[in-house]
Amino acid sequence: MESNRSSTSTEVRWAEAGELPGLAAVETAADGVFAQVGIVFPEGTTMIEETRDPSRVLVAGAPPVGFAMIGRVDGLVHLDQLAVHPDHGRRGVGGRLLEAVCDHAASTGSAAVTLTTFRDVPWNGPWYAQRGFAVLDPAEWGPELAALVAHERELGIELAPRVVMRRVL
């Protein structure tokens, strides 16, 4: 993974199992930023709390200040969650994590990376578009992606317009 050291290292690397529980605080803090655009997530566990597999999680920093959690959907690498603690935001941490996800996807033969995100939140849809992702028409969704979108709706996180995006590698 890419190494980018500053006064506080934000090197991107694979998570260690012992780091996973602490990432919930990063995700919760990152989710809190959405309140400024009127989005408040329903109560419940964070996405990172639902995984016990560090091979699905890239982290930045030691201790981690951000993470990217990945999976596979319709045979492609899917970005399940990208979160950076707001105290470390706007310093390129999220971009380094995203590039590490795309590098990993390419190295494993994935033709693209997919994700779901809020269409109009500046640090969501527009941010991903600036990094090579394009909105994917529902007609292009595979069955697993369609099921994932339906599941997100059931969980109640579609609090503002959401889109599926894809970056071809």
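Up top you'll find the structure we're talking about.
Note that the structure is a prediction, hence the values are computed from the model and not measured.

Comments concerning the overall build of the chain
A tally of regular secondary structure across the chain gives four helices and seven strands. Secondary structure elements of the chain occur, N-terminal to C-terminal, as β-α-β-β-β-α-β-α-β-α-β. Expected size for 169 residues packed as a compact globule is a radius of gyration near 15 Å; at 15 Å, the chain falls within 12% of this value. The buried share of the chain, reckoned over its 169 residues, is 45%. For the chain, the share of sequence-separated contacts (at least 6 apart) that also reach a separation of at least 24 residues comes to 70%. Across the chain, the 14 positively charged side chains and the 22 negatively charged ones have centroids separated by 6 Å.

Describing the sheet that holds strand E7 (residues 162-168)
Sheet strands pair via backbone hydrogen bonds, and the direction of the pair is either parallel or antiparallel. Strand order in the open sheet formed by seven strands is E1-E2-E3-E4-E5-E7-E6, with mixed pairing between adjacent strands. Where the open sheet ends on each side, the last strands, each with one partner, are strand E1 (12-14) and strand E6 (134-135). Two elements, E6 and E7, share two bridges in a ladder whose sense is antiparallel. Of the residues in E7, the one forming a bridge with Ala-134 is Arg-166. The sheet strands contacting helix H2 (residues 93-107) are E1, strand E2 (57-60), strand E3 (66-73), strand E4 (76-84), strand E5 (112-118) and E7, and the helix crosses E4 at an angle near 165°. Running at roughly 130° to E3, helix H4 (residues 143-155) makes contact with E3, E4, E5 and E7 of the sheet.

Things to note about helix H1 (residues 20-32)
Between its terminal C-alpha atoms H1 stretches 19 Å, which fits the 18 Å expected from 13 residues at 1.5 Å a residue. Taken together, the buried positions of H1 are Leu-20, Leu-23, Ala-24, Val-26, Glu-27 and Ala-30. Where H1 is buried, its residues touch E2, E3 and E4.

Section: the side chain of His-78
Tracing the sequence through the fold places His-78 in strand E4. His-78 gets classed as buried once you look at its relative accessible area, which sits at 1%. When neighbours within four sequence positions are excluded, His-78 is seen to be in contact with Met-69, Ile-70, Gly-71, Arg-72, Val-73, Thr-114, Leu-115, Thr-116, Leu-145 and Leu-148.

Remarks on unusual backbone geometry
With omega at 0°, the peptide bond leading from Ala-62 into Pro-63 counts as cis. As for its position among the elements, Pro-63 is in the loop between E2 and E3. Phi angles above zero are rare outside glycine, and Asp-74 is one such case at about 50°. Looking at the element boundaries, Asp-74 is found in the loop between E3 and E4. Accessibility expressed as a relative area gives 29% for Asp-74, which makes it partly exposed. Here the phi dihedral of Arg-90 falls at roughly 60°; this positive angle occurs in a residue that is not glycine.

Some remarks on the pairing of E7
Counting buried positions along E7 gives five out of seven residues, so the element sits mostly inside the fold. Here E5 runs beside E7; their pairing, made up of seven bridges, is antiparallel. Across the sheet, residue Val-113 finds its bridge partner in E7, namely Arg-167.

Description of the packing of aromatic side chains
Inspection of the entire model under this criterion finds six aromatic pairs. Residues Phe-34 and Phe-41 carry aromatic rings whose centres are separated by 5.2 Å and whose planes lie at 80° to one another, so their mutual orientation is edge-to-face. The class of Phe-34 is buried, set by a relative accessible area of 8%. The class of Phe-41 is partly exposed, set by a relative accessible area of 23%. Between Phe-34 and Phe-118, the aromatic rings sit 5.6 Å apart at their centres with planes inclined by 55°, giving tilted as the arrangement. Remark: Phe-118 occurs in strand E5 and Phe-34 occurs in the loop between H1 and E2; sequence separation between them is 84 residues. Put simply, the rings of Phe-34, Phe-41, Phe-118 and Trp-123 pair up and form one aromatic cluster. Between Arg-162 and the ring centre of Phe-118, over which it is positioned, the NZ or CZ distance is 4.6 Å.

Reading guide: rules and limits
Residues numbered from 1 in each chain as written. Predicted model: local features only at pLDDT ≥ 70, side-chain atom pairs only at ≥ 80, totals over all residues. Heavy atoms only, no water. Helix = DSSP H or I, 4+ residues; strand = E, 2+ residues; numbered from the N terminus. Rg over C-alpha atoms; globule rule 2.2 N^0.38 Å. Buried < 20%, exposed > 50% of the residue type's maximum accessible area, 1.4 Å probe, protein only. Contact = heavy atoms within 4.5 Å. Lys, Arg positive; Asp, Glu negative; His and termini not counted. Charge placed at Lys NZ, Arg CZ, Asp CG, Glu CD. Pairing = 2+ DSSP bridges. Axes fitted to C-alpha atoms, helices over the stretch in contact; angles between N-to-C directions. Expected span 1.5 Å × (residues − 1). Phe/Tyr/Trp six-rings, centres within 6.5 Å; stacked < 30°, edge-to-face > 60°. Lys NZ or Arg CZ within 6 Å of the ring centre and 35° of its normal.

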